[in-house]
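# Working through the structure, step by step
For reference, the chains in residue letters:
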Amino acid sequence: MLTTLAIANYRSLRNLILPLGPMNVITGPNGSGKSSVYRALRLLAQTAQGRIIPALAQEGGLQSTLWAGPETISRSMRQGIHAIQGTRRKEPVNLRLGFASDTLGYLIDLGLPSNNRSAFSFDPEIKGEHIWAGPFLRRAAQLVVREGAAVRAKGESGWNVLTQHLASFDSMLTQLADPHNAPEMLQLREKVRSWRFYDHFRTDADAPARLPQIGTHTPVLSDSGHDLAAAMQTIMEIGDADALSDAVADAFPGASIEVACSEGRFEVLMHQHGLLRPLRAAELSDGTLRYLLWIAALLSPRPPELLVLNEPETSLHPDLLPALGRLITSAAARSQVIVVSHASRLIAALSEHEEYREFRLEKEFGETNLQDMNELEMPSWHWASR
Ligand SMILES: Nc1ncnc2c1ncn2[C@@H]1O[C@H](COP(=O)(O)OP(=O)(O)OP(=O)(O)O)[C@@H](O)[C@H]1O
Ligand SMILES: [Mg+2]
């Protein structure tokens, strides 16, 4: 389980440390930084897939994603005596992401390139990466350290140099994780790769989820939702078929789901109260289809360690939200869950969970802060110095 998530200098998240529990909700007004937390977590996951640099480029590059405010906001700026203005930088420009779990912790430090003669001078560089054991980075608990191009791992009789030549655009997680020299790196990479993210499912008229598709065993719904019917059938055959029919009936009283299969193509059919024939996925309303996608995602027979959901309430009627909340709560028995949401009825349903934690974000001077969070409750966290 993740115990801490830490983000520095990513958009409005200048320095955000979240002490996570089994069931977490991130909420706050528009523009407070909720989606940025979701995206920061996804960037961490992309690091383990070797895609952090292209993923940052897709967001407009490091220049756009870096905190756009001053390095420090002085008291006189806060009091309005002086205008917000930049000061001479004391620290190098850096975007830093990290997490601690009940076993290993990881952090990555990205900065601007040192060699601007290259045509890729907009590519950020990975300046440092650290893996440690325990709740936060401490020298004694370090397991793997990357400084620039050099990576070393702690062995039984001291530190072993794994390489001196790691490219600035490669993460050590994808290049050096091997079972002999750095088993903890491999373990951590596989852990991060298993995190599962769901953002807005498409449900428009041409959405892939509306079309019959060739079906294969699908224990994990794809994030496009195109394999909805196959995922439903997989739950019925090797997963919790009763939970599936209960979830459908909980949201749509009297309704049930069937998966039709003709010539290998699978299609979801929904029997509804009062209709003489079932409706095909192409005929369902946006909200109904989206809800079925959530059911397939959340009842996966292969639950991930961490499930991250971005605004699952989108385009659902508020009356459906308590049922969605129950569905997410049942998923939290199998996975750690982080939900980004500003739907009060969904949040109210999730808050019934006994280990519920709510993080209310607010923006002050352009910077995202945690509301009502006592300094004492904050977990310890150390960023490595460069
Ligand atoms: N480079 C940057 N530096 C500082 N702030 C930024 C930067 N880029 C974006 N922002 C601000 O970060 C904020 C975070 O936006 P985000 O999309 O995370 O908000 P949100 O809480 O998801 O809002 P909504 O409820 O509208 O979806 C926005 O207000 C945006 O103006
Ligand atoms: Mg948002």
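Going by the structure above, here's the rest.
Just so it is clear, the model here is predicted, and its values are computed rather than measured. (Residues numbered from 1 in each chain as written. Chains lettered and ligands numbered in written order. Predicted model: local features only at pLDDT ≥ 70, side-chain atom pairs only at ≥ 80, totals over all residues. Heavy atoms only, no water.)

Its volume calculated, the largest pocket comes out at about 640 Å³. At the level of secondary structure, the elements contributing two or more residues to the lining of the largest pocket comprise strand S1 (2-10), strand S2 (13-19) and strand S18 (367-370). Across the lining of the largest pocket, the residue classes break down as 13 nonpolar, eight polar and eight charged. Taken as a whole, the second largest pocket spans an internal volume of roughly 400 Å³. Residue lining of the second largest pocket: 21 residues in total, with Trp195, Arg196, Phe197, Tyr198 and Asp223 positioned closest to the centre. Where the lining of the second largest pocket is concerned, the elements lending two or more residues are helix H1 (34-48) and strand S10 (196-198). (1 Å grid on protein atoms, 1.4 Å probe; cavity = no way out; pocket = protein on both sides within 12 Å on 5 of 7 lines; lining within 4 Å. Points joined across faces, edges and corners; volume = space filled by probe spheres on them. Helix = DSSP H or I, 4+ residues; strand = E, 2+ residues; numbered from the N terminus. Nonpolar A, V, L, I, M, F, W, Y, C, P; charged D, E, K, R; others polar.)

On to the sheet that holds S1, then. Strand order in the open sheet formed by eight strands is S2-S1-S4-S5-S6-S7-S8-S9, with antiparallel pairing between adjacent strands. Unpaired on one side and paired on the other, S2 and strand S9 (158-163) mark the two borders of the sheet. Neighbour-to-neighbour, the strand axes of this sheet turn through a mean angle of 10°, independent of strand direction. Bridge count between S1 and strand S4 (residues 95-101): six bridges; the pairing is antiparallel. (Pairing = 2+ DSSP bridges. Axes fitted to C-alpha atoms, helices over the stretch in contact; angles between N-to-C directions.)

A word on empty space enclosed by the protein. All told, the structure shown has two cavities of 30 Å³ or more when counted by the stated rule. Of the voids in this model, the largest cavity is the one considered here, and its volume is about 70 Å³. Along the wall of the largest cavity there are 16 residues; nearest its centre are Leu211, Gln213, His226, Ala229 and Phe266. Secondary-structure elements contributing two or more residues to the lining of the largest cavity are strand S11 (213-214), helix H7 (228-238) and strand S13 (265-271). Residue classes in the lining of the largest cavity are distributed as ten nonpolar, three polar and three charged.

Taken together, the buried positions of helix H6 (residues 183-193) are occupied by Glu184, Met185, Leu188, Arg189, Lys191 and Val192. Taken end-on, H6 shows its buried residues confined to a sector of 160°, consistent with a single buried face. (Buried < 20%, exposed > 50% of the residue type's maximum accessible area, 1.4 Å probe, protein only. Arc of directions from axis to C-beta.)

Time to look at the packing of aromatic side chains. Per the stated rule, a full pass over the model turns up nine aromatic pairs. Measuring from centroid to centroid gives 5.1 Å for Phe99 and Trp195, while their planes differ by 70°, and the two rings are edge-to-face. Of this pair, Phe99 sits in strand S4 while Trp195 sits in the loop between H6 and S10, and the two are 96 residues apart along the sequence. Here the two residues Phe99 and Trp195 agree in accessibility, since each one is buried. The ring of Trp159 carries the charged tip of Arg152 above its face, separated from the ring centre by 4.8 Å. (Phe/Tyr/Trp six-rings, centres within 6.5 Å; stacked < 30°, edge-to-face > 60°. Lys NZ or Arg CZ within 6 Å of the ring centre and 35° of its normal.)

Attention now moves to the site of ligand 1. Not every one of the 17 residues close to ligand 1 is listed here, only the nearest: Gly31, Ser35, Ser36, Leu66 and Lys363. Within the contact set of ligand 1, an oxygen atom lies 2.9 Å away from a backbone nitrogen or oxygen of Gly33. Within the complex, 71% of the 660 Å² of free accessible area of ligand 1 lies under protein. A per-element tally of the shell around ligand 1 places H1 first, with three residues. For the shell around ligand 1, a count of residues per class yields four nonpolar, nine polar and four charged. (Near = heavy atom within 4 Å. Polar contact = N/O pair within 3.5 Å; in protein donor to acceptor, adjacent residues only side chain to side chain. Areas by Shrake-Rupley, 256 points an atom, 1.4 Å probe, with all protein chains shown as cover.)

Next up on the list: the packing of helix H8 (residues 241-251) against helix H9 (residues 286-298). Axis separation between H8 and H9 bottoms out at 10 Å; the angle between their running directions is 150°. In terms of axis orientation, H8 runs roughly antiparallel to H9. Between H8 and H9 lies a crossing of right-handed hand. Listed contacts from H9 to Leu244, Ala247, Val248 and Ala251 of H8 are Tyr291, Leu292 and Ile295. The residue inventory of the contact of H8 with H9, partitioned by class, reads seven nonpolar, no polar and no charged. (Parallel < 35°, antiparallel > 145°, perpendicular 65-115°, else oblique. Left-handed = near helix turned anticlockwise from the far one by under 90°. Contact = heavy atoms within 4.5 Å.)

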